[in-house]
Amino acid sequence: EKEGKIVVRAVDDYRVKAAVEVLFNRMAKRGLPLRNFTQGEVVEALGQTARTEVAIQAGIPMDKAKQMVADIKARKFKVNASIQADQVRVSSKSKDELQAVMAHLRAADYGVSLQIKNLR
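In short, a report on the structure. The structure presented is a predicted model; accordingly, all values stated were derived computationally and were not measured.

So, how was this worked out
Residues numbered from 1 in each chain as written. Predicted model: local features only at pLDDT ≥ 70, side-chain atom pairs only at ≥ 80, totals over all residues. Heavy atoms only, no water. Helix = DSSP H or I, 4+ residues; strand = E, 2+ residues; numbered from the N terminus. 1 Å grid on protein atoms, 1.4 Å probe; cavity = no way out; pocket = protein on both sides within 12 Å on 5 of 7 lines; lining within 4 Å. Points joined across faces, edges and corners; volume = space filled by probe spheres on them. Core = buried A, V, L, I, M, F, W, Y, C linked by side-chain atoms within 4.5 Å. Buried < 20%, exposed > 50% of the residue type's maximum accessible area, 1.4 Å probe, protein only. Contact = heavy atoms within 4.5 Å. Salt bridge = Lys/Arg side-chain N within 4 Å of Asp/Glu carboxyl O.

Phi is positive for Lys 76, close to 60°, though the residue is something other than glycine. Secondary-structure assignment places Lys 76 in the loop between helix H2 (62-74) and strand E5 (80-84). With a phi close to 55°, Ala 85 is a non-glycine residue in the positive phi region. Along the polypeptide, Ala 85 turns up in the loop between E5 and strand E6 (87-91).

Another point: the layout of surface pockets. Its boundaries defined by the atoms lining it, the largest pocket holds a volume of some 990 Å³. In terms of lining, the largest pocket is formed by 29 residues, of which the most central are Gln 87, Val 88, Gln 115, Ile 116 and Lys 117. Residue assignment for the lining of the largest pocket shows that the elements contributing at least two residues are E6 and helix H3 (95-107). Of the residues forming the lining of the largest pocket, the biggest block, 5 residues, is contributed by E6.

Another point: the nonpolar core. Counting 13 residues, the largest nonpolar core has Met 68, Ile 72, Phe 77, Val 79, Val 101, Leu 105 and Tyr 110 as its most contacted members. Among the secondary structure elements, those contributing two or more residues to this core are H2 and H3. Beyond its immediate sequence surroundings of up to four residues, Ile 72 is in contact with Phe 77, Val 79, Ala 81, Val 90, Val 101 and Leu 105. In this structure, Ala 10, Val 20, Met 27 and Val 54 belong to the second largest nonpolar core, which totals 8 residues.

Before going further, it helps to examine the pattern of salt bridges. Going through the model one piece at a time under the given rule, you end up with 2 salt bridges. With its nearest N and O atoms 3.4 Å apart, the salt bridge here joins Glu 53 to Lys 5. Here Glu 53, found in strand E4 (residues 49-56), pairs with Lys 5, found in strand E1 (residues 5-10); they are 48 residues apart in sequence, far enough to count as distant. Residue Lys 5 is classed as partly exposed on the basis of its relative accessible area, which comes to 32%. Residues Arg 35 and Asp 109 are paired through a salt bridge, measuring 2.7 Å at the closest nitrogen-oxygen approach. Taken as a pair, Arg 35 in the loop between helix H1 (13-29) and strand E2 (37-39) and Asp 109 in the segment after H3 lie far apart in primary sequence, 74 residues in all. The partly exposed category is assigned to Arg 35, whose relative accessible area is 44%.

Structure representation (structure tokens):
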């Protein structure tokens, strides 16, 4: 949990791929965004076993956050956008401006799933 990854082990690579597929199906049924999980390569280990790691992405990576803030500033919305740890904070006096920024961010594809919280 601290490392942010899930290790899937099985007898051979076919079963590892099947187990990862089942894992992704269960996550989708629970409503988890699959964009936040990236599967590594299947590695054959000693003793005729195989394993793979599924990395869990929590928050927004710094390069994606910088790209979001740059896109907001390029569109010249009347908002203040700032990066705080693993999230992007957007503030404004106008609800209309905030809703326009939300629509713009949802329309753009940054490769991460977005959660928008606390509108005003």
